[in-house]
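Coordinates in review
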Amino acid sequence: MAAAAAATSTSTTPIRKPSSISPLPISKFTLPFAFNPKKPRSLHISNSRSKPASASSTTASPATTEKFSFSRFSPDQPRKGADILVEALEREGVKDVFAYPGGASMEIHQALTRSDRIRNVLPRHEQGGVFAAEGYARSSGLPGVCIATSGPGATNLVSGLADALLDSVPLVAITGQVPRRMIGTDAFQETPIVEVTRSITKHNYLVLDVDDIPRIVREAFFLATSGRPGPVLIDIPKDIQQQLAVPNWDVPMKLPGYLSRLPKNPNELHLEQILRLISESKKPVLYVGGGCLNSSEELRRFVELTGIPVASTLMGLGAFPVGDELSLQMLGMHGTVYANYAVDKSDLLLAFGVRFDDRVTGKLESFASRAKIVHIDIDSAEIGKNKQPHVSVCGDVKVALQGINKILESGGAKWKVDFRAWREELNEQKVNNPLSFKTFGEAIPPQYAIQVLEELTDGNAIVSTGVGQHQMWAAQFYKYKRPRQWLTSGGLGAMGFGLPAAIGAAVANPDAIVVDIDGDGSFIMNVQELATIRVENLPVKIMLLNNQHLGMVVQWEDRFYKANRAHTYLGDPSNESEIFPNMLKFADACGIPAARVTRKDDLRAAIKKMLDTPGPYLLDVIVPHQEHVLPMIPSGGAFKDVITEGDGRRKY
């Protein structure tokens with residue numbers, strides 16, 4: 001996705017902006033708030049990425065443009081900084097937060113108990129909280145909010161913040177901090193979390209004046225959701241939380257530099273240039289990523305008008321229906337043969353909302369080497385970063401597609417194209433190189449388990465995953481119909497993501513079927529979140545593909561290290577015939593119904609029972625560890641190096 005590791009160099013915002021800053025750079029914008037170039041009257045320290053634009057396809061306006069008519073306090077009544085913070089969250093439309101309390105954040109939690117608008121879903125670990133906030137954001141498109149205390153609470157958010165940055169997920173993380181007078185003294189549970197997270201957040205703040213809270217919260221949500229979305233951190237010392245103040249809700253945001261860099265609407269001449277390239281091509285391919293998740297309707301219409309086949313990145317799954325006849329499914333390291341074939345043979349690559357990630361391109365010089373490249377992305381840092389395009393548009397994919405579709409619809413015969421011969425060539429590849437797997441006796445192929453789940457849910461479940469083989473099989477064998485149905489840690493590849501992400505998705509989508517397809521290695525990294533699922537009675541279904549190994553690393557050991565096992569067996573070496581640990585007992589300890597299935601013939605009934613059981617359920621599906629994720633293009637390889645055969649049952 002253009003969910004990328006785009007330039008992560010940072011710049012420190014001056015403590016005071018000089019009053020000479022000109023408002024001219026943003027005069028082209030109609031802003032949803034008043035711009036005031038005067039010097040801010042209060043101190044704040046913040047860190048900002050130098051290129052904050054994003055590959056997602058939306059530019060949001062602050063929720064505070066709507067009139068907020070409710071407050072627990074009279075307008076002139078002093079209240080604690082923590083209460084100001086909570087009301088600021090309410091004004092942003094926040095209804096759910098994932099917050100774990102501690103000494104430096106107690107005041108915030110006390111204030112949350114006074115709010116009847118915000119529900120706290122209590123995680124059992126701060127990493128569970130930030131991954132749940134991500135699951136909430138990824139499945140709903142709304143910003144996720146997590147709260148942690150200072151020190152270890154704050155540092156436990158680091159993996160989630162890095163994950164949100166790489167995958168362009170709108171997130172606001174709030175941390176307690178030691179009182180201002182103790183900052184820098186190595187106080188109990190003090191970590192400089194602003195410094196720690198500088199390069200893994202889109203922007204962050206250390207609040208040093210209680211009067212800054214309303215403005216900073218508005219800015220944080222605007223930054224998190226506009227341009228290329230990403231995580232924003234707000235660090236609030238405990239004495240600020242306790243200080244009494246009367247908030248001014250009308251203080252404007254002060255982001256002139258950021259606003260001046262937000263992309264403009266694409267030029268119609270550029271869009272016509274893209275259409276000319278399409279009309280001249282014989283073998284065009286769409287390469288779509290996470291930047292297209294908010295422009296699914298426009299993408300489908302574009303494909304309808306042109307008949308161009310669509311290959312998706314891992315992050316873009318669902319932006320175009322995977323089951324559509326023009327879908328080539330996923331491309332890249334574990335993409336389909338026909339998707340990678342299409343890119344390799346194409347003469348025009350339409351790269352929309354993507355970042356040319358190494359897991360997609362492999363050897364850069366060989367990737368789409370015959371093709372002219374059109375790159376549309378909202379983040380200027382991604383244009384030409386890995387692959388130089390022939391035509392580029394830095395802007396919102398949704399707006400660009402709307403413009404292209406409008407030209408196509410009004411152009412009549414001028415833009416008429418016919419790619420039937422190309423589609424027939426690719427259909428032949430689909431027939432000759434389908435996704436497939438083998439069955440060995442009564443053992444359950446993990447791919448088959450996902451196929452059965454897809455059938456029984458009619459492809460409508462929201463699916464979260466951990467990271468590894470099960471993640472790739474879930475990407476390959478579940479036919480996603482719509483965006484925000486597929487939740488996975490793409491850029492960072494964070495194990496332990498699946499279970500808490502499913503919690504966030506279930507909170508954001510209470511009527512949806514939510515399934516965590518997990519591996520035993522990933523699942524156990526955040527297994528404590530079973531307690532949250534039970535206490536909140538969330539109907540999360542967990543389908544555990546349990547092979548007793550760190551499967552993806554085992555696959556690489558088989559292929560490249562002569563099957564030498566280097567600490568990748570996760571069971572009990574003294575008793576390899578037993579399943580260890582017993583995942584059913586974890587579920588039982590949290591009062592969650594669970595079952596184990598070991599035979600292929602029993603699988604369908606077991607999955608059906610899981611789906612039919614009200615509330616949460618864990619199904620432990622025992623699968624062979626010898627299975628490999630195929631196809632596979634080795635790291636740094638090209639399409640000609642694709643591996644389509646073999647598993648851990650043979651030597652290499």
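The text that follows walks through the structure, step by step, so that each part is easy to find. (Residues numbered from 1 in each chain as written. Predicted model: local features only at pLDDT ≥ 70, side-chain atom pairs only at ≥ 80, totals over all residues. Heavy atoms only, no water.)

Moving on, we come to the pattern of salt bridges. The full count for this structure, using the stated rule, is 39 salt bridges. A salt bridge links Glu 134 to Arg 138; the nearest nitrogen and oxygen atoms lie 2.9 Å apart. Here the residue Glu 134 and the residue Arg 138 both occupy positions in helix α3 (residues 126-140), the gap between them amounting to 4 residues, near one helical turn. For Glu 304, the salt bridge goes to Arg 301, with nearest N and O atoms at 2.6 Å. Of the two residues, Glu 304 and Arg 301 are both situated in helix α11 (residues 296-306); the distance of 3 residues between them amounts to about one turn of the helix. Through salt bridges with shared partners, a single network forms among Glu 134, Arg 138, Asp 163 and Asp 167. (Salt bridge = Lys/Arg side-chain N within 4 Å of Asp/Glu carboxyl O. Helix = DSSP H or I, 4+ residues; strand = E, 2+ residues; numbered from the N terminus.)

What follows deals with the packing of aromatic side chains. Going through the model one piece at a time under the given rule, you end up with 12 aromatic pairs. For the pair Tyr 478 and Tyr 480, a centre-to-centre distance of 5.0 Å together with 35 degrees between the ring planes defines the contact as tilted. On the basis of relative accessible area, Tyr 478 is assigned to the buried category, the value being 0%. We classify Tyr 480 as buried; its relative accessible area is 0%. By the ring-pair criterion, three or more aromatic residues cluster together here, those being Tyr 287, Phe 356 and Phe 367. Lying across the ring of Tyr 448, Lys 600 places its NZ or CZ 4.6 Å from the centre. For the cation-ring pair, Arg 649 lies above Phe 440, with the distance from its terminal atom to the ring centre recorded as 3.6 Å. (Phe/Tyr/Trp six-rings, centres within 6.5 Å; stacked < 30°, edge-to-face > 60°. Buried < 20%, exposed > 50% of the residue type's maximum accessible area, 1.4 Å probe, protein only. Lys NZ or Arg CZ within 6 Å of the ring centre and 35° of its normal.)

Turning next to helix α5 (residues 158-166). A large share of α5 lies buried, amounting to 7 of its 9 residues. All buried positions along α5 are accounted for by Gly 160, Leu 161, Ala 162, Asp 163, Ala 164, Leu 165 and Leu 166.

Further remarks concern helix α14 (residues 397-411). For α14, spanning 15 residues, the distance from its first C-alpha to its last is 21 Å, which sits close to the expected 21 Å at 1.5 Å a residue. Looking at the buried residues of α14, the elements they touch are α10 (268-280), α11, β14 (348-352) and β15 (372-377). Between a side-chain oxygen at the N-terminus of α14 and the backbone nitrogen of Lys 398 the separation is 2.9 Å; the capping residue is Asp 396. Positive phi appears at Gly 412, one or two residues downstream of α14, with a value of about 60 degrees. (Expected span 1.5 Å × (residues − 1). Contact = heavy atoms within 4.5 Å. Polar contact = N/O pair within 3.5 Å; in protein donor to acceptor, adjacent residues only side chain to side chain.)

The strand order β18-β17-β19-β20-β22-β21 describes an open sheet built from 6 strands, whose pairing is parallel. A strand with exactly one partner marks an edge of an open sheet, and here the two such strands are β18 (486-487) and β21 (594-597). Pairing geometry for strand β20 (residues 540-546) and strand β22 (residues 617-622), over 6 bridges, is parallel. Its bridge partner lying in β22, Ile 542 is registered against Leu 618. The strands that helix α18 (residues 498-508) touches are β17 (462-465), β18, β19 (514-519) and β20; relative to β19, the one it contacts most, it runs at about 175 degrees. (Pairing = 2+ DSSP bridges. Axes fitted to C-alpha atoms, helices over the stretch in contact; angles between N-to-C directions.)

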